[in-house]
Amino acid sequence: MSSVAYCDAIRQGFGFVMESDPKCLAIGQGLWSPWYVGRSMDGLDRRFGKERVIDTPVSEGATTGIAVGAALHGYKPIVIHPRMDFMILATDQIVNQAAKWRHMLGGHCSPAMVIRGIVNRGGEQGAQHSQALHSWYAHIPGLRVVMPATPTDARDLLIAATQSPDPVLYIDDRWLYEWEEEMAPAADVDLESVGGVLRREGDAITLAGASYSVKLALDAAEILQTHGVTCDVVDMRILNPLDPAALRRSVRKTGRLLAIDGSWSNCGFAGELIASAVEGTRPDEWRAMPSRVTLPHAPAPTSKPLEAAYYPTADSVAAAALDIVKKST
Amino acid sequence: MHSTTSDMRLGPLADPQLFNEPLDLGNGATDALLGYYRSMLKIRLAEEVVADLYVAGEVRCPCHLGIGQEAVAVGVSSALRPTDRVYGGHRSHSHYLAVGGNPAAMIAEIFGKGTGASAGMGGSMHLYAPEVGFHGSVPIVGATIPIAAGAALAAKMDGRGDVAVAYFGDGACEEGILHETLNMASVMRLPVLFVAENNLYSSHLDIKLRQPLDSVARFARANGVEAELVDGNDVVEVARAAERLVRASREGRGPGFIEAVTFRWRGHVGPNEDIDVGVRRSPDELAAWKGRDPIGRLRSALINAKRVAPDSFTLIEEEIRTELRDAVEAARAAPYPPEAALLDMVYANGGQTS
Ligand SMILES: Cc1ncc(C[n+]2csc(CCOP(=O)(O)OP(=O)(O)O)c2C)c(N)n1
């Protein structure tokens, strides 16, 4: 086994699915560029040919609709949106079309496809180049939404998404691209067998989230350890349909919950985590009120100090967790 | 004037070996021509300053430089007045500066300082100077095209003969919103000038890999919008086309469309030349396009015609360099926006929700 970075793991996932399924194709902006989507697609056009790895005009809506149509006729497209902010222009095809065709046409057809949306923020890029909109999309029945945190999941959830009979939104975060991990060889993955997992064990508090928030939680757990506080870190992995079992198990044990999300609070994923923990537990199992760490209720700024104040850090997560623990002991 | 009828290809305009001779000045007034020169040089030097600051690590926000494309904004702006309403995109330093946007406020904005054009809240891709007619730029490709048409609707209703301008690139013509807006502006006879800067590239992709035909003016004609295809590195030609189409709009004859063929000397984003990406973007191609330099061609023409003494150019350059040096110093010294700005600007009454 060798160590693989998250972005290379994504590329390995593409390699695996395109190798094993000749009907699988990748389409989106930047696929013939060495830098547009980091190195996460680098060389795939040379390996599988430009017929199957298709760079597109600046046409998010049509690109996604074309993928829906190809999916309805036996192909397995993976649409790549290099930035979630730009994917908004494809939202009709994702939400009104891909997610609903099976149900509204009587269960006879399904555009089984993958939409890959990349969260790409920081670096003073500002309000329209920073958004993490997973909560919007996870609201939609018929659209599976996955958010890998680790390199292995970056590869395996892409494989699972591609092999799913349903449309799946796969969201990766460029802040994770250099995270390295030893990985076992790739194999088929059944998405329905994937649920939340415990990434670290402790007993004072549960830190829960998905994607980069898991990384923050793990780093915060290290900090908390130095304060003598140990925590569970639950990686939700799949936002829709949400599987709250691991989360509830953990909360029953620790009695405390801090939900972490890299997007806004109102009607967001962190609130969903708290609600689903509360719904599956008894009041006497809680030792403290649950709480959440999210973005301030504002668009992303560009200015350096404002950007530094904007994003949660391992320190701010650890401080919020410590606050909950201290108030309830 | 280049083909304005049914031609859907750029033809010779896409060949950088051509159209690199000094400009044909016609009977243009020397003062006006020198004004174009000053404005183009200011844009060029300001963007070079930004590029250098980026290389030096002083500037971090993504900057899309339009070095080589200066004649488009300067030519178009010559037909505008401060009550017109100009909108831009991700590569809009030139659009902002050409209508008289303050370079110091632009540079401060790029530094993320509170004295910036958008109070340090937006960076290079979010410029704003309504006092001179620049009403905003944003980087979602195509997003300001209908917004400009809306500004034109408002101008039409105001009835004072003002027009709106939407600047965008050949890549933006691939978004459905351009086509929807052309259709609506046409049926509603809105006083809006669509300015397509066709620099033959969208990010790393050559237009030949993205569109079956390389002239985007075809989309305007398909919607009954009068279009002119011009050499975007000839400020005189751009100005003439803008003058004619803007006059038509002011007189209630509806929208116009300019396709200005040009080339950016730097990469898609940042200071590098990016000659390693794309199909045609080779060192030779870039060198050839530098031969169609919009500033050099005007300067040679003015010198050849003995209209301007060579040392006038030196003087202009020194003035601009001094202004830019002061702008950078001021931006360095300026404060960042206060942290409260993060929430205070979200809603009219601030952003506090609880
Ligand atoms: C909706 C949307 N899709 C994609 C992008 C990424 N993007 C930024 S600039 C650009 C190229 C646009 O090309 P063009 O319109 O020709 O303008 P140019 O960069 O050549 O000035 C792209 C694809 C974006 N900002 N917005």
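Bear in mind the structure is a predicted one, so any value in this text is a computation, not a measurement.

### A look at the overall build of chain A
Item 1. Helix and strand counts for chain A stand at 13 helices and 15 strands.
Item 2. Here chain A has a C-alpha radius of gyration of 20 Å; the compact-globule value for 329 residues is 20 Å, and the two agree.
Item 3. Along the longest, intermediate and shortest principal axes, the C-alpha atoms of chain A span 60 × 45 × 40 Å.
Item 4. For chain A, buried positions account for 62% of its 329 residues.

### Looking at the pairing of strand S3 (residues 164-169) of chain B
Residue and element names in this part refer to chain B.
Item 1. Counting buried positions along S3 gives five out of six residues, so the element sits mostly inside the fold.
Item 2. Across three bridges, strand S1 (residues 85-88) lies against S3 in parallel orientation. Bridging from a neighbouring strand, Val 86 pairs with Val 165 of S3.
Item 3. As defined by bridge partners, S3 adjoins strand S4 (residues 192-198) across six bridges and the pair is classed as parallel.

### A short note on the UniProt feature "domain: Transketolase-like pyrimidine-binding" (unreviewed entry) in chain A
Item 1. Per the UniProt annotation, the sites labelled "domain: Transketolase-like pyrimidine-binding" (unreviewed entry) are residues 4-179 of chain A.
Item 2. What you have in residues 4-179 of chain A is 38% helix and 20% strand, and the ends, taken at the C-alpha atoms, are 8 Å apart.

### Some remarks on the sheet that holds strand S13 (residues 238-240) of chain A
As a general point, the strands of a sheet are linked pairwise by backbone hydrogen bonds and lie either parallel or antiparallel.
Residues and elements named next belong to chain A.
Item 1. Within the open sheet, the seven strands sit side by side as S4-S2-S5-S6-S8-S7-S13. Their pairing is mixed. Across the chains shown, the open sheet's two edge strands, defined by having one partner strand only, are strand S4 (53-55) and S13. When the angles between neighbouring strand axes are averaged without regard to direction, this sheet yields 20°.
Item 2. Pairing of strand S7 (residues 144-146) with S13 involves two bridges; the strand directions are antiparallel. Considered in S13, the bridge of Val 145 is made with Asn 240.
Item 3. Against the sheet, helix H8 (residues 151-163) engages strand S2 (24-28), strand S5 (76-81), strand S6 (114-119), S7 and strand S8 (168-173), with an angle of about 165° to S8.

### Considerations on the interface of chain B and chain A
Item 1. The partner chain A presents 32 residues to the 37 residues of chain B that form the contact.
Item 2. Contact with chain A buries area across many residues of chain B, yet Ile 140, His 204 and Leu 342 of chain B alone supply 22% of it, more than any other trio.
Item 3. The interface formed by chain B and chain A contains zero salt bridges.
Item 4. Counting across the chain B and chain A interface gives ten residue pairs in polar contact (both at pLDDT 80 or more).
Item 5. The dominant element in the side of chain B that touches chain A, judged by the number of residues it contributes, is helix H12 (residues 341-344) of chain B, at three residues.

### Concerning the site of the ligand
Item 1. Close to the ligand lie 21 residues, the nearest being Glu 60 of chain A together with His 90, Arg 91, Pro 139 and Gly 171 of chain B.
Item 2. At the site occupied by the ligand, nearby residues are drawn from chains A and B.
Item 3. Here an oxygen atom of the ligand and a side-chain polar atom of Arg 91 of chain B are 2.7 Å apart.
Item 4. Ala 172 of chain B places a polar main-chain atom, nitrogen or oxygen, 3.0 Å from an oxygen atom of the ligand.
Item 5. Protein chains bury 96% of the 580 Å² of accessible surface belonging to the ligand in isolation.
Item 6. Grouping the constituent residues of the shell around the ligand by class yields nine nonpolar, eight polar and four charged.

### Remarks on the domain arrangement of chain A
Residue and element names in this part refer to chain A.
Item 1. Looking at the assigned domains, one finds that chain A contains domain 1 (2-193) and domain 2 (197-327).
Item 2. The interface of domain 1 with domain 2 comprises 30 residues on the first partner and 27 residues on the second.
Item 3. For the domain 1 face of the interface with domain 2, the top three residues by lost area are Glu 124, Met 147 and Trp 175, together amounting to 22%.
Item 4. The interface formed by domain 1 and domain 2 holds two salt bridges in total.
Item 5. Note that Asp 153 and Arg 237 form a salt bridge whose closest N and O atoms lie 2.7 Å from each other.
Item 6. At the level of elements, helix H7 (134-138), S7 and H8 are the ones that each hand at least two residues to the side of domain 1 that touches domain 2.
Item 7. Each residue belonging to the side of domain 1 that touches domain 2 can be placed in one class, and the counts come to 16 nonpolar, nine polar and five charged.

### Remarks on helix H13 (residues 314-327) of chain A
Residue and element names in this part refer to chain A.
Item 1. The end-to-end C-alpha separation of H13 is 20 Å, in line with the 20 Å expected for 14 residues at 1.5 Å each.
Item 2. Those residues of H13 not exposed but buried are Ala 314, Val 317, Ala 318, Ala 321, Leu 322, Ile 324 and Val 325. One side of H13 holds all its buried residues, which, seen down the axis, span an arc of 160°. Exposed residues on H13 whose side chains face more than 90 degrees from its buried face are Asp 315, Lys 326 and Lys 327.
Item 3. In the core, the buried residues of H13 are packed alongside strand S11 (205-209), helix H9 (212-226), strand S14 (257-260) and strand S15 (291-293).

### Digging into the pairing of S14 of chain A
Residues and elements named next belong to chain A.
Item 1. What you see with S14 is no split at all: Leu 257 and Ala 259 on one side and Leu 258 and Ile 260 on the other are buried throughout.
Item 2. In this structure, S14 lies alongside S15, joined through three bridges in parallel fashion. Residue Ala 259 lies in a different strand from S15, and its bridge partner there is Arg 292.
Item 3. The handedness of the S14 to S15 crossover, carried by helix H11 (residues 269-279), is right-handed.

### Remarks on the packing of aromatic side chains
Item 1. On inspection of all chains with the given rule, the structure shows twelve aromatic pairs over all chains.
Item 2. Measuring from centroid to centroid gives 5.8 Å for Trp 35 of chain A and Tyr 36 of chain A, while their planes differ by 15°, and the two rings are stacked.
Item 3. Ring centres of Trp 175 of chain A and Tyr 311 of chain A lie 5.0 Å apart, and the angle between their planes is 75°; this geometry places the pair in the edge-to-face category. Taken as a pair, Trp 175 of chain A in the loop between S8 and strand S9 (180-182) and Tyr 311 of chain A in the loop between helix H12 (304-310) and H13 lie far apart in primary sequence, 136 residues in all.
Item 4. Using a relative accessible area of 33% as the deciding quantity, one classes Trp 175 of chain A as partly exposed.
Item 5. Site record: aromatic cluster; members linked through ring pairs are Trp 175, Tyr 212, Tyr 310 and Tyr 311 of chain A.
Item 6. Over the ring of Tyr 75 of chain A we find Lys 23 of chain A, and its NZ or CZ is 4.8 Å from the ring centre.
Item 7. Taking NZ or CZ as reference, Lys 113 of chain B lies 4.9 Å from the ring centre of Tyr 336 of chain B, over its face.

### Considerations on the environment of Ala 320 of chain A
Residue and element names in this part refer to chain A.
Item 1. Turning to its location among the elements, Ala 320 is positioned in helix H13.
Item 2. Taking relative accessible area as the criterion, Ala 320 reaches 21% and is therefore assigned partly exposed.
Item 3. Those residues in contact with Ala 320 that sit more than four places away from it in its chain are Leu 258 and Val 293.

### Details of the layout of surface pockets
Residue and element names in this part refer to chain A.
Item 1. Approximately 480 Å³ is the volume found for the second largest pocket.
Item 2. For the lining of the second largest pocket, the elements supplying multiple residues, two or more each, are H7, S13 and H11.
Item 3. In terms of residues, the lining of the second largest pocket owes the most to one element, H7, which gives three residues.
Item 4. In terms of residue class, the lining of the second largest pocket is made up of ten nonpolar, eight polar and one charged.
Item 5. Shared between two domains, the lining of the second largest pocket holds at least three residues of each, these being domain 1 (2-193) and domain 2 (197-327).

### A word on the side chain of Asp 231 of chain B
Residues and elements named next belong to chain B.
Item 1. Relative to the helices and strands, Asp 231 resides in strand S7 (residues 226-231).
Item 2. The class for Asp 231 is buried, based on a relative accessible area of 1%.
Item 3. Among the polar contacts made by the side chain of Asp 231, one reaches the side chain of Arg 297 at a distance of 3.0 Å.

Cut-offs and rules
- Residues numbered from 1 in each chain as written.
- Chains lettered and ligands numbered in written order.
- Predicted model: local features only at pLDDT ≥ 70, side-chain atom pairs only at ≥ 80, totals over all residues.
- Heavy atoms only, no water.
- Helix = DSSP H or I, 4+ residues; strand = E, 2+ residues; numbered from the N terminus.
- Rg over C-alpha atoms; globule rule 2.2 N^0.38 Å.
- Buried < 20%, exposed > 50% of the residue type's maximum accessible area, 1.4 Å probe, protein only.
- Pairing = 2+ DSSP bridges.
- UniProt positions renumbered as here; feature names shortened; annotations may be inferred.
- Axes fitted to C-alpha atoms, helices over the stretch in contact; angles between N-to-C directions.
- Contact = heavy atoms within 4.5 Å.
- Buried area = accessible area lost by both parts, 1.4 Å probe.
- Salt bridge = Lys/Arg side-chain N within 4 Å of Asp/Glu carboxyl O.
- Polar contact = N/O pair within 3.5 Å; in protein donor to acceptor, adjacent residues only side chain to side chain.
- Near = heavy atom within 4 Å.
- Areas by Shrake-Rupley, 256 points an atom, 1.4 Å probe, with all protein chains shown as cover.
- Nonpolar A, V, L, I, M, F, W, Y, C, P; charged D, E, K, R; others polar.
- Domains from an automatic or database assignment.
- Expected span 1.5 Å × (residues − 1).
- Arc of directions from axis to C-beta.
- Right-handed = clockwise from strand over helix to strand, strands pointing away.
- Phe/Tyr/Trp six-rings, centres within 6.5 Å; stacked < 30°, edge-to-face > 60°.
- Lys NZ or Arg CZ within 6 Å of the ring centre and 35° of its normal.
- 1 Å grid on protein atoms, 1.4 Å probe; cavity = no way out; pocket = protein on both sides within 12 Å on 5 of 7 lines; lining within 4 Å.
- Points joined across faces, edges and corners; volume = space filled by probe spheres on them.

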